[in-house]
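Geometric and topological summary
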Amino acid sequence: MRSLVLAIELAWWQQTVLRTIGVLAAVLLPAGTLVYVFLFKMMSFMQSRLGPMEAGPYGSMQLLAEVGKWIQKEDIIPWRADRKLFAMAPYIVVMTVFLTYVGVPFGPDAWFADLDVGIFYILAVSSISVLGILIAGWSSANKYSLLGGLRAAGQLIAYELPMVLAVVGVVIQAETLNLQGIVAAQHEGAIFGWDGIGNPFILTQFVGFLIFLVALQAELTQTPFDMPVAESELVSGYMTEYSGMRFLLFFIAEFASAGAFAAVAATLFLGGWALPGVDLDADYMNVLGPIVLLAKIMLVAFLVFWVRFTYPRFREDQLQQLAWKVLIPLSLVNILATMALKVAY
Amino acid sequence: MTALTERQQLAYVDAQAADARVNVELETDEGMILNLGPQHPATHGTLRVTAKLDGEQVVWADVVPGYMHRGYEKLTEVRTYPQVTTLINRIDWLGSFANEVPFILAAEQLMEIEAPPRARCIRTILFEMARIANLVIFLGDLGVQLGAVTPTFYAFRDREHVLDQIEAVTGGRFHPNFDRIGGLKDDLPKGWIADTKAVMARIRSFCDEMEDLLFGNEIFEARTRGVGVIPAEVALAYGLSGANLRASGVDWDLRRDGGISGLAHDEVDWKVWTHPDGDSFARCWVRLQETREATHIVDQLCDGLPSGPIMAKVPRVIKVPPGEAYVETENPLGAMGYYLVSKGDLGPFRVKIRSASFSNISVVPWVLKGVYVPDIITILASLYFILGDIDR
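Residues numbered from 1 in each chain as written. Chains lettered and ligands numbered in written order. Predicted model: local features only at pLDDT ≥ 70, side-chain atom pairs only at ≥ 80, totals over all residues. Heavy atoms only, no water.

1. Here we look at helix H13 (residues 316-344) of chain A
- The end-to-end C-alpha distance of H13 of chain A, which contains 29 residues, comes to 41 Å, matching closely the 42 Å that a straight helix rising 1.5 Å per residue would cover.
- Within the span of H13 of chain A, buried status applies to Glu 316, Gln 318, Leu 319, Gln 320, Ala 323, Leu 327, Ile 328, Ser 331, Asn 334, Ile 335 and Thr 338 of chain A.
- Close packing links the buried residues of H13 of chain A with helix H6 (143-174) and helix H9 (206-219) of chain A together with helix H8 (218-224) of chain B. (Helix = DSSP H or I, 4+ residues; strand = E, 2+ residues; numbered from the N terminus. Expected span 1.5 Å × (residues − 1). Buried < 20%, exposed > 50% of the residue type's maximum accessible area, 1.4 Å probe, protein only. Contact = heavy atoms within 4.5 Å.)

Next up, the structure:
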């Protein structure tokens, strides 16, 4: 079986190798960039300090040092823990991120899987991570972990709904679930007849975008929705008992999924890998597209981390109230308005 | 089936028993007992709070202090009076100078010595700067307890300047050991007053920053308003003092009402802040206003600093005449008092230390009943204790 990858004809095994390397790069590169640019540097500048400065120029190698440190650490499994589940949980969480990236398009031919139900698939697999978190919380045999795991389960399920409903508005406008189709719809669309910059859905679906951002913040368990790992209450929530490599996996998963969700948000609302005025089918977009998408990922992630470093956190009941009493009704209204306007125009 | 080794069998039995215990805790009406501390990030020290939970709701809670008991009351008995200040510096380590003041005042009262006016003023300035250094950390730490990391760094950044000023006078950043019976060890260094006023302006802008960043934040209000309400009568019954009492609407401040002659608070124009609500927000808000007020007190004292000696006539070898004295001052954490018994020796016969935090946390079991787990942290943070001040 031979087919085209980035307009080059390759054997199936060659494609597989390439795609595996590609997914690894797609997961780890944005995650590393987010950690360095936002967690290390932006947070430090916001807090009037320099952050890491010693490892490499401006501390850019700090992340490698940290990873090296974690890999060397002793891998501790508590005596009472359910050993198999305990060992499995971080892999489930990391796997979810990989599965999410599979559905994200990076260019006209640069994709891992071009699914007809792309966005549906992404929203479906992204909720697998809650299983890993719940397993981690339960199997640690620690009360803080248990509370953290249960909080995470409640929170992730509650915020899945507004997220899905916010996406429905986009899907109605684009008339497709396929992410390439959504990118194309934004590129070729028009806002009430004016097609100067296409129709990035952030302009017409701004309510949906805001709801998606809030739900994103909660799905990523970033402050103000960081109840599951609230360090001043639950020590470290479901991650309390993890150390060394397994903790590193959770850490990678946290930032890689921030990158993944930011990529999804960029694709749905900011025009994805396309720029206004470019030719969507041009070959150079396979190189330019990932760079454009990365820039847009950084933009969304900037908003996420800006809020994270500024706000205090919600209490569990307030967090649920926000989801069920504000975000879900608002997103339903948004869907109704979108449908009405879609029919009218 | 392969035979299990004895160790495997034991491990299996042990695991089953552990499962059973967890299940019993989770499934019976008894609820789950959660130990917050002694090693827990929220207790900034080694306080242990035992809470019985029903889901995330607290059924009952108790405080177990004592993990940091250092025996200061006993240790003072084998030290001379000048040596005692070194020890008691370490009770409330964020506002160390304020710990020395009531002890020195009690000794002065027994010896019938009065510090000269200049010493009284500088003592009050340092007393208030200790309060500022302490409360600035409270405001920063409040953010961390509620999940906002950034305020802490601002707090440590700006406290550094206060500590620099304290260090310039006393030579010590945290533990000045500067107060003496009859006055102070040294006079102020050159140029200190102008620097201090600049630092006070900086602290005021820090307070404005905190007001914007934390107190004006909707989530902060949602987390603190109506959480951990302590009515005035309960606060009085549990012996709360300081900002915790004033936040319950009780207008009582030892700086104004204590009639203390060794400090110069009655010479400046300042205000006692109170709040009628008695909830966590009120406690935090009162402390914010007190930080501002303290900077104004320092400013006014710096302007009207009298000249003269900084030490009264004190014998070279200090022997306190026999007698008993109790002096209480309004320290950063609340009312702190020393009950000093002297038999005419070089050192005290017995010292009883009334520290503010110990009484302040005694209300915790009452106020934690029925709140959620995150509110435990809010309430502990807003009651504001220093572990050294609880356990001594």
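2. Describing the layout of surface pockets
Residue and element names in this part refer to chain A.
- By volume, the largest pocket amounts to about 880 Å³.
- What lines the largest pocket is a set of 38 residues, among which Met 239, Phe 251, Glu 254, Phe 255 and Arg 308 lie closest to the centre.
- Mapped onto the lining of the largest pocket, the elements with two or more residues apiece are helix H1 (12-46), helix H2 (62-72), helix H3 (83-102), helix H5 (129-139), helix H11 (244-269) and helix H12 (285-310).
- Per element, the largest residue contribution to the lining of the largest pocket is nine residues, and it comes from H11. (1 Å grid on protein atoms, 1.4 Å probe; cavity = no way out; pocket = protein on both sides within 12 Å on 5 of 7 lines; lining within 4 Å. Points joined across faces, edges and corners; volume = space filled by probe spheres on them.)

3. Observations concerning the confidence of the model for chain A
- Averaged over all residues, the pLDDT of chain A equals 83, while 97% of them reach at least 70.
- Within chain A, strand S1 (residues 2-5) of chain A has the poorest average pLDDT of any element, 52, and H9 of chain A the best, 89. (pLDDT = per-residue confidence, 0-100.)

4. A few points about the pattern of salt bridges
- As enumerated under the stated definition, the model contains 35 salt bridges over all chains in all.
- Between Asp 317 of chain A and Arg 315 of chain A there is a salt bridge; the shortest N-O distance is 2.9 Å.
- With relative accessibility at 25%, the residue Asp 317 of chain A sits in the partly exposed group.
- Residue Asp 257 of chain B is joined to Arg 256 of chain B by a salt bridge in which the shortest nitrogen-to-oxygen separation is 2.8 Å.
- Overall, the relative accessible area of 37% leaves Asp 257 of chain B in the partly exposed class.
- A residue is classified by how much of its surface remains accessible, and Arg 256 of chain B, at 41% relative accessible area, is partly exposed.
- Residues participating in the shared-partner salt-bridge network are Glu 128, Arg 131, Arg 246, Asp 253, Arg 255, Glu 290 and Glu 330 of chain B. (Salt bridge = Lys/Arg side-chain N within 4 Å of Asp/Glu carboxyl O.)

5. Side note on the interface of chain A and chain B
- Taken residue by residue, the interface counts 30 residues in chain A and 41 residues in chain B.
- Approximately 3,000 Å² of surface area, both sides summed, lies buried where chain A meets chain B, with 59% of it carried by carbon and sulfur atoms.
- The largest contributions to the chain A side of the interface with chain B come from Lys 143, Pro 312 and Arg 315 of chain A, which together make up 20% of the buried area.
- Close ionic contact of Arg 315 of chain A with Asp 375 of chain B constitutes a salt bridge, the shortest N to O distance being 3.1 Å. (Buried area = accessible area lost by both parts, 1.4 Å probe.)

6. Focus: the packing of aromatic side chains
- Taken as a whole and assessed by the stated rule, the structure comprises 23 aromatic pairs over all chains.
- Looking at Arg 49 of chain A, its charged tip hangs above the ring of Phe 153 of chain B, at a distance of 4.4 Å from the centre.
- Sitting over the face of the ring of Phe 358 of chain B, Arg 392 of chain B holds its NZ or CZ atom 5.6 Å from the ring centroid. (Phe/Tyr/Trp six-rings, centres within 6.5 Å; stacked < 30°, edge-to-face > 60°. Lys NZ or Arg CZ within 6 Å of the ring centre and 35° of its normal.)

7. With respect to the packing of H9 of chain A against H12 of chain A
Residue and element names in this part refer to chain A.
- Relative to each other, H9 and H12 sit at 65°, their axes nearing to 11 Å. Once H9 is placed against H12, the crossing between them reads as right-handed. Here Leu 213, Leu 216 and Gln 217 of H9 come into contact with H12, specifically with Val 300, Leu 303, Val 304, Val 307 and Arg 308.
- Taken together, the residues of the contact of H9 with H12 break down into six nonpolar, one polar and one charged. (Axes fitted to C-alpha atoms, helices over the stretch in contact; angles between N-to-C directions. Left-handed = near helix turned anticlockwise from the far one by under 90°. Nonpolar A, V, L, I, M, F, W, Y, C, P; charged D, E, K, R; others polar.)

8. With respect to the sheet that holds strand S3 (residues 57-64) of chain B
- The strand order S1-S2-S3 (chain B) describes an open sheet built from three strands, whose pairing is antiparallel. Edge strands, defined here as strands with exactly one partner in the open sheet, are strand S1 (32-36) and S3 of chain B. Strand-to-strand twist in this sheet, taken as the mean axis angle between neighbours without regard to direction, amounts to 20°.
- Relative to S3 of chain B, strand S2 (residues 48-54) of chain B is paired through seven bridges, and the arrangement is antiparallel. Bridging across to S3 of chain B, Asp 54 of chain B finds its partner in Gln 57 of chain B.
- Contacting S1 and S2 of chain B, H6 of chain A runs over the sheet at an angle of about 110° to S1 of chain B. (Pairing = 2+ DSSP bridges.)

9. Describing the pairing of strand S7 (residues 334-342) of chain B
Residues and elements named next belong to chain B.
- By the criterion of burial, S7 is predominantly enclosed, with eight of the nine residues buried.
- Bridge count for strand S6 (residues 323-331) against S7 is nine bridges, and the pairing is antiparallel. Its bridge partner lying in S7, Gly 323 is registered against Ser 342.
- The loop that links S6 with its antiparallel partner S7 comprises two residues.
- Alignment of S7 against strand S8 (residues 350-354), held across five bridges, turns out to be antiparallel. Within the sheet, the bridge partner assigned to Gly 337 lies in S8 and is Arg 354.

10. Structural notes on the side chain of Asp 279 of chain B
Residue and element names in this part refer to chain B.
- Relative to the helices and strands, Asp 279 resides in the loop between helix H11 (254-257) and helix H12 (280-303).
- Separated by 2.9 Å, the side chain of Asp 279 and the backbone nitrogen of Ala 282 make a polar contact.
- Not counting chain neighbours up to four residues away, the residues in contact with Asp 279 comprise Thr 224, Arg 225, Gly 226, Val 227, Gly 228 and Val 229. (Polar contact = N/O pair within 3.5 Å; in protein donor to acceptor, adjacent residues only side chain to side chain.)

11. A short note on the packing of helix H5 (residues 117-145) of chain B against helix H6 (residues 150-170) of chain B
All names here are of chain B.
- Packing of H5 against H6 leaves a shortest axis separation of 8 Å and a crossing angle of 165°. One finds that H5 runs roughly antiparallel with respect to H6. The handedness of the crossing between H5 and H6 comes out as left-handed. Along its contact with H5, which presents Leu 126, Met 129, Ala 130, Ile 132, Ala 133, Val 136, Ile 137, Leu 139, Gly 140, Gly 143 and Val 144, the element H6 presents Pro 151, Thr 152, Ala 155, Phe 156, Arg 159, Val 162, Leu 163, Gln 165, Ile 166, Val 169 and Thr 170.
- Considered class by class, the residues forming the contact of H5 with H6 number 16 nonpolar, five polar and one charged. (Parallel < 35°, antiparallel > 145°, perpendicular 65-115°, else oblique.)

12. A word on a nonpolar patch on the surface
- Taken together, the side chains of Trp 12, Trp 13, Val 17 and Ile 21 of chain A make up a nonpolar region of the molecular surface, amounting to roughly 480 Å² of accessible area.
- Turning to its location among the elements, Val 17 of chain A is positioned in helix H1. (Patch = residues over 30% accessible without salt bridge, like charges linked within 9 Å, V, L, I, M, F, W, Y side chains within 5 Å. Areas by Shrake-Rupley, 256 points an atom, 1.4 Å probe, with all protein chains shown as cover.)

13. Re helix H7 (residues 192-215) of chain B
- Under the 1.5 Å per step criterion, the end-to-end length of H7 of chain B is 32 Å for 24 residues, consistent within 8% with the ideal 34 Å.
- Among all positions in H7 of chain B, only Trp 192, Thr 196, Val 199, Met 200, Ile 203, Arg 204, Phe 206, Cys 207, Met 210, Leu 213, Leu 214 and Phe 215 of chain B are buried.
- Elements in contact with the buried residues of H7 of chain B: H12 of chain A together with H5, H6, H8 and H12 of chain B.

14. Observations concerning the side chain of Glu 330 of chain B
Residues and elements named next belong to chain B.
- One can find Glu 330 in strand S6.
- A polar contact is formed between the side chain of Glu 330 and the backbone nitrogen of Leu 254, at a distance of 3.1 Å.
- The contacts of Glu 330, once residues within four sequence positions are left out, are Phe 127, Arg 131, Gly 242, Arg 246, Asp 253, Leu 254 and Arg 255.

15. A few points about unusual backbone geometry
Residue and element names in this part refer to chain A.
- The residue after Thr 223, namely Pro 224, is reached through a cis peptide bond having omega 0°.
- Considering the arrangement of structural elements, one finds Pro 224 in the loop between H9 and helix H10 (231-234).
- Positive phi outside glycine occurs at Tyr 58, with the angle close to 55°.
- Structurally, the position occupied by Tyr 58 is in the loop between H1 and H2.
- Its identity is not glycine, yet Ala 141 carries a phi of approximately 55°, on the positive side.
- Looking at the secondary structure, you find Ala 141 in the loop between H5 and H6.
- Its relative accessible area of 44% is what places Ala 141 among the partly exposed residues.

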